[in-house]
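# Residue-level structural notes
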Amino acid sequence: MGLNKLDFAIIAIYLAGITLFGLRFRKRHRTLRDYFLAGREIPWWAIALSIVAAETSTLTIISIPGLAYDTNFTFLQVVMGYVIGRIAISFLLLPHYFRGDLYTAYELIERRFGRGLRSLTAGLFLLTRAAAEGVRVYAVSIVVSIALGTGEIASIAIITALTLIYTFEGGLAAVIWTDVVQTAIYVGGTLIGLATLLHLVPGGWTAIHAAAASAHKFQMFDFSPTFSIAYTFWAGVIGGTFFTLASHGTDQLIVQRLLAARAQRQSAIALISSGVAVLAQFALFLLVGVMLWVFYGTPSSVFGRSDRIYPTFIVTHMPHGISGLLIAAILAAAMSNLSAALNSLSSSAIMDFYARLRPQADEQTKMRLSRLATLLWALVLFGLAVIALHKVGRVVEVGLQIASVAYGALLGAFLLGTLTRRANSFGVAIGMLCGFGIELYLWLGTHVPWTWWVLIGSCVTFALGWTTSFFFPAAEVKSA
């Protein structure tokens, strides 16, 4: 069928509307606390939805259905680990973040180990977050190029520019409140897609369930005692728990939102409730993939790659108007994730580096440079997304792999800082370098599934950091 004028009008209205909505917050930011923490006045439910949106990019919406198309529901084992990890963060790390007036996660590291370790952890975050986000920005070009017929580079440029406008002006408040709107749009759009599939498949749900069940597409648990499969119960729950401990406990992208809560208790409620929402959301995306498998009944190779299946269905089989709404929903996820990345990268660059090097700079100067940093990071992510055009494989797994490479070293450092008193900056630095090196090796030199990388990297970092600190004790160790 393709898109018609109505679809294009809906997409245009969404893009213009969400940009203008984000710009409503531009006059509220007179200080860095306003710009990077939204004045710490955000209610827990908005933070919860923002966390969900921040970890739900375009690659999630288009690649998770593709994953289910090729496999089954076993990815949900990883998401169960996501929920457990959030509960652990609420007890292990959140109390430390709410002691004092922190702007970034890495201020906690400085308070425990000094400035050098803060620079190392923040630098590692900037490097790997930018790389992973470049892949996510690229994912949106798959959708836009299929829907609008634009070139992939032009598609990346359009979304990056529109997201930059309101993130540049509105700061974290604009990011969070546009996330709330965008979450409603992409979840609603996905439900409409699911309802349309039910209507298009002859026999409806009864036929879908019979075909999928006979092919074991609804299999959720895999208790195979093997280390080589990414989505077993052990790799999923244990690996997903450690992945979330790192991604939501040490990554500024999420920690920044937790710090915007009015109090520690509200932050914990937001974090845990977001886990329940994410579990339901991934189940929805996987169900869409299984239904697409029943609908098409062909191998994913027919589409070139499984990431193209859902966007192709939207453009070719959805009624006009609905298809435009679904494309807008996927763009909503892309923009919410990109805006989160831009603001978190900017906050870490300014607070973890510039503000420490130029402590005498006034608030107005820091605000001006914060907006400039947002612009520069947008250009960096655009460049990385163009490079990612040549990357093969499912984009959701590529993005998770890149993030996982640094998460083990970061999590190990944070656990050394919060769970031990013996660890010192020299020991933690050695542990982090070794942990990061191990994870690079796992990524580039082995076939170990990504679900195990954070666990292995954090254990190496923790063990070597603690052992090195024991043999090379510091003269003084600050308490966290």
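Rules behind the numbers
- Residues numbered from 1 in each chain as written.
- Predicted model: local features only at pLDDT ≥ 70, side-chain atom pairs only at ≥ 80, totals over all residues.
- Heavy atoms only, no water.
- Disulfide = S-S within 2.5 Å.
- Buried < 20%, exposed > 50% of the residue type's maximum accessible area, 1.4 Å probe, protein only.
- pLDDT = per-residue confidence, 0-100.
- Contact = heavy atoms within 4.5 Å.
- Helix = DSSP H or I, 4+ residues; strand = E, 2+ residues; numbered from the N terminus.
- Expected span 1.5 Å × (residues − 1).
- Polar contact = N/O pair within 3.5 Å; in protein donor to acceptor, adjacent residues only side chain to side chain.
- Salt bridge = Lys/Arg side-chain N within 4 Å of Asp/Glu carboxyl O.
- Phe/Tyr/Trp six-rings, centres within 6.5 Å; stacked < 30°, edge-to-face > 60°.
- Lys NZ or Arg CZ within 6 Å of the ring centre and 35° of its normal.
- Patch = residues over 30% accessible without salt bridge, like charges linked within 9 Å, V, L, I, M, F, W, Y side chains within 5 Å.
- Areas by Shrake-Rupley, 256 points an atom, 1.4 Å probe, with all protein chains shown as cover.
- Axes fitted to C-alpha atoms, helices over the stretch in contact; angles between N-to-C directions.
- Parallel < 35°, antiparallel > 145°, perpendicular 65-115°, else oblique.
- Left-handed = near helix turned anticlockwise from the far one by under 90°.
- Nonpolar A, V, L, I, M, F, W, Y, C, P; charged D, E, K, R; others polar.

What follows concerns the state of the cysteines. Enumeration according to the criterion identifies zero disulfides in this entry. Take Cys434: it sits in no disulfide, and the sulfur closest to it among the cysteines is that of Cys459, at 14 Å. For Cys434, a relative accessible area of 34% corresponds to the partly exposed category.

On to the confidence of the model for the chain, then. Averaged over the chain, the pLDDT score is 87; the fraction of residues at 70 or greater is 93%. Note on residues 475–480: pLDDT is under 50 here. Beyond four places in sequence and across chains, it has 15 contacts.

On to unusual backbone geometry. For Ala38, which is not glycine, the phi dihedral falls at a positive 55°. Relative to the assigned elements, Ala38 resides in the loop between α2 (32–37) and α3 (44–54). Not every positive phi belongs to a glycine, and His216 is a case in point at roughly 60°.

Turning our eyes to something else, we now look at helix α16 (residues 363–387). Helix length check: α16, at 25 residues, gives a terminal C-alpha distance of 36 Å against a target of 36 Å (1.5 Å per residue), a fit within 8%. Residues Thr365, Lys366, Met367, Ser370, Arg371, Ala373, Thr374, Trp377, Ala378, Leu381 and Ala385 constitute the buried set of α16. Structurally, the start of α16 carries an N-cap: the backbone nitrogen of Gln364 is 3.3 Å from a side-chain oxygen of Asp362.

Moving on, we get to the pattern of salt bridges. If you walk through the whole model with that rule in mind, you get nine salt bridges. With a shortest N-O distance of 2.4 Å, Glu110 and Arg118 are connected by a salt bridge. Considered together, Glu110 and Arg118 belong to a single accessibility category, that of buried residues. Arg129 is the partner of Glu133 in a salt bridge, and the nearest nitrogen-oxygen pair spans 3.0 Å. Of this pair, Glu133 and Arg129 both sit in helix α8 (residues 115–148), four residues apart, roughly one helical turn. The class of Glu133 is buried, set by a relative accessible area of 1%.

The subject of this paragraph is the packing of aromatic side chains. Taken as a whole and judged by the stated rule, the model has 30 aromatic pairs. Where Phe426 meets Phe472, the ring centres are 5.6 Å apart and the plane angle is 70°; that geometry is what we call edge-to-face. Pair noted here: Phe426 is in helix α18 (residues 425–445) and Phe472 is in the segment after α19 (453–471), with a separation of 46 residues, a long-range link. Taken together through their ring pairs, the aromatic side chains of Phe75, Tyr82, Tyr231, Phe243, Phe282, Phe285, Tyr407 and Trp450 make up a single cluster. Above the face of the Phe25 ring, Arg24 is positioned so that its terminal group lies 5.7 Å from the ring centre.

Where nonpolar side chains cluster on the molecular surface, the patch consists of Phe426, Trp466, Phe470, Phe471 and Phe472 and spans about 570 Å² of accessible area. The dominant element in the nonpolar patch, judged by the number of residues it contributes, is α19, at three residues.

Two numbers describe how α18 lies on α19: the axes approach to 7 Å, and their chain directions differ by 150°. Judged by the angle between their axes, α18 and α19 are roughly antiparallel. You can see that α18 and α19 cross each other, and the crossing is right-handed. Of the residues in α19, those touching α18 at Phe426, Gly427, Val428, Ile430, Gly431, Met432, Cys434, Gly435, Ile438, Glu439, Leu442 and Trp443 are Trp453, Val454, Ile456, Gly457, Val460, Thr461, Leu464, Gly465, Thr468 and Ser469. Class assignment of the residues belonging to the contact of α18 with α19 gives a composition of 13 nonpolar, eight polar and one charged.

All right, on to the environment of Ile322 then. Locating Ile322 in the fold gives a position in helix α15 (residues 322–357). Separated by 319 residues in sequence, Ile322 and Leu3 place their C-alpha atoms 9.9 Å apart. The residues contacting Ile322, other than those within four sequence positions of it, are Asp7, Ile192 and Thr196.

For the rest of this paragraph, the subject is the environment of Leu286. The residue Leu286 is located in helix α13 (residues 264–296) in this model. Separated by 252 residues in the primary sequence, Leu286 and Asp34 have C-alpha atoms spaced 38 Å apart. Leu286 has contacts with Ile64, Ala68, Asn72, Phe73, Phe75 and Leu76, leaving out every residue within four places of it along the chain.

Relative to the assigned elements, Thr241 resides in helix α11 (residues 233–247). With relative accessibility at 12%, the residue Thr241 sits in the buried group. For Thr241, the side chain forms a polar contact with the main-chain oxygen of Val237, separated by 2.6 Å. Once residues within four sequence positions are removed from consideration, Thr241 is found in contact with Gly81, Tyr82, Ile84, Gly85 and Gly236.

Here Thr250 lies in the loop between α11 and α12 (252–259). Here Thr250 falls in the buried class, since its relative accessible area comes to 0%. Each C-alpha atom of the pair Thr250 and Tyr186 lies 27 Å from the other, and the pair is 64 residues apart in sequence. The residues contacting Thr250, other than those within four sequence positions of it, are Tyr97, Ala105, Tyr106, Leu245, Val255, Leu410, Leu411 and Phe414. Polar side-chain contacts of Thr250 include one of 2.7 Å to the backbone oxygen of Ala246.

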